[in-house]
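# Examining the three-dimensional arrangement
This is what each chain is made of:
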Amino acid sequence: MIRKAFSSPQPRSLRVYLRPFSSNSCLDPNLDLETQLRSLCEKPNRQFSEAVSLFNRAIDSNILPSSSACNFLVHVLSKSGNYDSMFTVYKKTTHLRIYPNFVSLSCLILGFVDAREPQLAIGVLGLMLKRGFKFNTFIMNVVLKGLCRNGEDEKTMDFLGRMRICCLSPDIVGYNMVINRLCKTKKLKEAVELLVEMETTDCQPNLITYTTLMDGFVKDGQVEEAFGLLKEMKEFGLEADVFVYSTLIGGFCNKGDFDRGKELFDEMLGKGISPNVVSYNGLMQQLCKMEKWKEANVMFNDMIERGIRPDVVTYTVFIDGLCKGGRVAKAKKLFNLMIQKGEEPSTITYNVMINALCKEGLVGEAFKILEMMVEKGSKPDVVTYNTLLMGLGSDGRIDEAMELFTVMSKDKNFFKPDVITFNMLIMGLCKEGRLDEAMEIYHTMIKKRVAGSLVTYNTLIGGYLQTGMVNRAMELWKHALDFGLIPNSITYGVMITGFCKMQMLSIAKGLFCKMRAFGLSPSVIDYNTLMAYLCKEGSIEQARRLFQEVRNSDHGPNAVSFNTIIDGTLKAGDVTSAKGLLIEMLNMGLKPDLLTFSTLISRFSKLGYLDEAKGALDRMIACGYAPDTFVYDSLLKGYFSRGETGEIINLLNEIADKGVALDQEITSTILLCLCQCPKDVDLMKILPTFSQEAPKGRSIICNELLLKLCKSYPELKENLPNGI
């Protein structure tokens, strides 16, 4: 009855009833509902909200819409993206027992997928099958898209399995969609299995399939596997395009294999395939890493000649390479050129420049880059701020770092600081011995629910051990364990160093043994630290055993290791063994450094091996090292103990000739040596003019030195020339 009344001329009473409707959404009694709905939804002035309002008023007026009208409205609302209204209309039609057609159910699936509810979309598929409809690959792809976009990998694979049971297989679009999702989540085995499945069906892989898989393998570091897919692709008659080549070129270059990348680049050119900016970026990045600036510049110019405009990645690659190669000034020029050319730097570009400037100690310039970044509308990220905090901390400007942190914390647009943010502050404060403030930052971190890392605890433990606060250090060790952190070799190294400095060698040795028992390999620094304190304690045999261990380790001893054990061996009076260690050091290709020569000269002089000490001095100078006051002081004391006035005088002249500035220690030694001079020696004639550290590097003349001597030893005044 209602349908009949709705489609036929309306009685006067109904016309009166419809008068309260708005002029835009009123029911025209001379037109049926579907016609009016279509009119409202037609171009160019589509009025979807008015159409929905008209639909609702009709139902509220007990006017039953036709199945065609309902399906039409669901369809147009879906096409226009008005999914909320579509769901409302669908719900009302089902309450009226008006069943949707295939198109409406398809629209419903699109709506659920758009609302990120693919499981509800799968439910609609079940309803489709129940109603006797057969859905197509388009609908299947829509559901797959929803599942993939939601990251529901297991449900995606389960859905594919259920479709296979129903004798349905995805088309090439569906397969590529799922393979892309699996590659993004590094589920490459499952992705390859789908490739194999495709080959067994009528759906053959295409260029997109292989490009997606290659990209997945390259990003996972499996470049050879990606290259194998290139060969397989060619066997299927597919020709690689610029995207395939660019992916592989970038992959080989990222692995450090520039030659393989260049071979593929040349192969691409040989086939007449024009490279793109990505092709060049991969090669230029590797050339910059190899510090082959000339070759990189040639490739850059080649790219320009081909009409390919450098993008933000190109500039960032060059800037990063220059910065890492220590050429920050050139990096700054390129950065400015990039801006002049109209290429907006990315956050990564800004961060690269800020990091380089901070490492160069140019924190002020780094803040200027930050200011420019904000002015240009780029939002600094946590890396930006962490880098600046690191720069301030390294420059000893921890108070400014704390101020920056306060500003960051109050900025509503700033995201949460991470553990690195807090670590930078803790490290800077611990470096200055401000442990109470470091602990305040630590507690702030915990309150903000940011879990501390091993770096956090290693820094704090090291700081407390440096100040001898063992109990506080052990409390932090316990906290780290309670939070599930497993101490690493750095943790043990920090504690070994701390306990060594507190002369608690038994605990340090115990930690060293425990470290190895847990399968952690001590670093060469750990060996050197423990050896140094064992030598200082006089436990030379234990130190030698440790040196033997470091000999047999993977990293082997370094120059510091040899310096330490040579010093300990000479301190024990074993000159023969020390000489053997020096020969071994040279045979390993380790060059003696300033400390090596200083140690040899000092120890040989104390032991009375003055010829060896003088020989070490000559080799030291030949190696380009300038002897300092410690070296000359050691030799003077050695010659003094032997009463060799001639050698003392020669050495004093050498000190003066080389302009070595005299400190208090060597001045005292010179005075002591002069006291031993025979009475017939005219000190005024033999003493040269020396440089003096203070005041402000002026020279100390012979008379001043003799006056000091008279002040210290008044009994000598009678032997000195008149006037002194």
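Residues numbered from 1 in each chain as written. Predicted model: local features only at pLDDT ≥ 70, side-chain atom pairs only at ≥ 80, totals over all residues. Heavy atoms only, no water.

## Notes on the overall build of the chain
How we decide: Helix and strand definitions follow DSSP, with helices as H or I runs of at least four residues and strands as E runs of at least two, each counted in order from the N terminus. Relative accessibility decides the category of a residue: with a 1.4 Å probe and only protein chains considered, values under 20% of the type maximum give buried, values over 50% give exposed, and everything between is partly exposed. Contacts between residues were defined by any pair of non-hydrogen atoms, one from each residue, lying within 4.5 Å.
In terms of helices and strands, the chain carries 41 helices and three strands. Out of the 724 residues in the chain, the part that is buried amounts to 45%. The long-range share in the chain, meaning contacts at least 24 apart out of those at least 6 apart in sequence, stands at 59%.

## Details of empty space enclosed by the protein
Formally: In this analysis a 1.4 Å probe is tested at points of a 1 Å grid over the protein atoms alone, and where it fits but cannot get out there is a cavity; an open set with protein on both sides within 12 Å along at least five of seven lines is a pocket; lining residues have an atom within 4 Å of a point. Grid points are joined across faces, edges and corners, and a volume is the space filled by probe spheres set on the points.
Summed over all chains, the structure comprises three cavities of 30 Å³ or more. Its boundaries defined by the atoms lining it, the second largest cavity holds a volume of some 40 Å³. Along the walls of the second largest cavity sit L454, Y457, N458, I461, W477, A480, L485, I486, P487 and T491, which together make up its complete lining.

## Describing helix α35 (residues 594–607)
Condition: The span you would expect from a helix comes to 1.5 Å times its residue count less one. For this analysis, a polar contact is any N or O atom pair within 3.5 Å, provided that within protein one partner can donate a hydrogen and the other can accept it, and provided that sequence-adjacent residues contribute only side-chain to side-chain pairs.
Between its first and last C-alpha, α35 extends 20 Å over 14 residues, near the 20 Å set by a 1.5 Å rise per residue. Within α35, ten of the 14 residues are buried, which leaves the element mostly enclosed by the surrounding structure. Where α35 is concerned, the buried positions are T596, F597, S598, T599, L600, I601, S602, R603, F604 and S605. Where α35 is buried, its residues meet α33 (559–571), α34 (575–587), α36 (610–622) and α37 (629–642). Where α35 begins, the side chain of D593 points an oxygen toward the backbone nitrogen of L595, at a separation of 3.2 Å. One or two residues past the end of α35 sits G608, with phi positive at roughly 90°.

## Things to note about α36
Note the threshold: Regarding the arc, it is the one traced by the directions from the helix axis to the C-beta atoms.
Its 13 residues place the ends of α36 18 Å apart at the C-alpha level, agreeing with the 18 Å of an ideal helix rising 1.5 Å per residue. Residues of α36 that are buried include every one of L610, A613, A616, L617 and M620, and no others. One face of α36 carries all of its buried residues, which in axial projection span an arc of 115°. Residues of α36 that are exposed and point over 90 degrees away from its buried face: D611 and A622. Of the residues flanking the end of α36, it is G624, one or two places downstream, whose phi is positive at about 90°.

## Thoughts on the pattern of salt bridges
To keep it simple, the criterion reads: Here, a salt bridge means any side-chain nitrogen of Lys or Arg that lies within 4 Å of a carboxyl oxygen of Asp or Glu.
Tallied over the full model, the rule gives 32 salt bridges. The salt bridge involving K219 is made with D215; its shortest N-O contact spans 3.1 Å. Taken together, the residues span about one helical turn, with K219 and D215 both in helix α13 (residues 207–219) at a distance of four residues. R309 is paired through a salt bridge with E343; the nearest N and O atoms lie 3.6 Å apart. A residue pair is termed long-range when its members are at least 10 positions apart, and R309 in the loop between α18 (293–305) and α19 (312–324) and E343 in the loop between α20 (328–340) and α21 (347–359) qualify at 34 residues. Of the residues examined, E343 reaches a relative accessible area of 16% and is grouped as buried. The network of salt bridges with common partners includes K234, E239, E267 and K271.

## Considerations on the confidence of the model for the chain
This is how the line gets drawn: pLDDT is a residue-level measure of predictor confidence that goes from 0 to 100.
Looking at the chain as a whole, its pLDDT mean stands at 84, while 89% of the residues score no less than 70. Every residue in residues 694–699 scores below 50 in pLDDT, and together they form nine contacts with partners more than four places removed in sequence or on other chains. Scored below 50 in pLDDT, residues 719–724 shows twelve contacts in the model against residues more than four places distant or in partner chains.

## With respect to the side chain of T669
Within the secondary structure, T669 sits in helix α39 (residues 664–675). Taking the relative accessible area as the measure of exposure, T669 reaches 4% and is therefore buried. Side-chain polar atoms of T669 contact the side chain of D633, separated by 2.4 Å. The contact partners of T669, leaving out residues within four places of it in the chain, are D633, L636 and K637.

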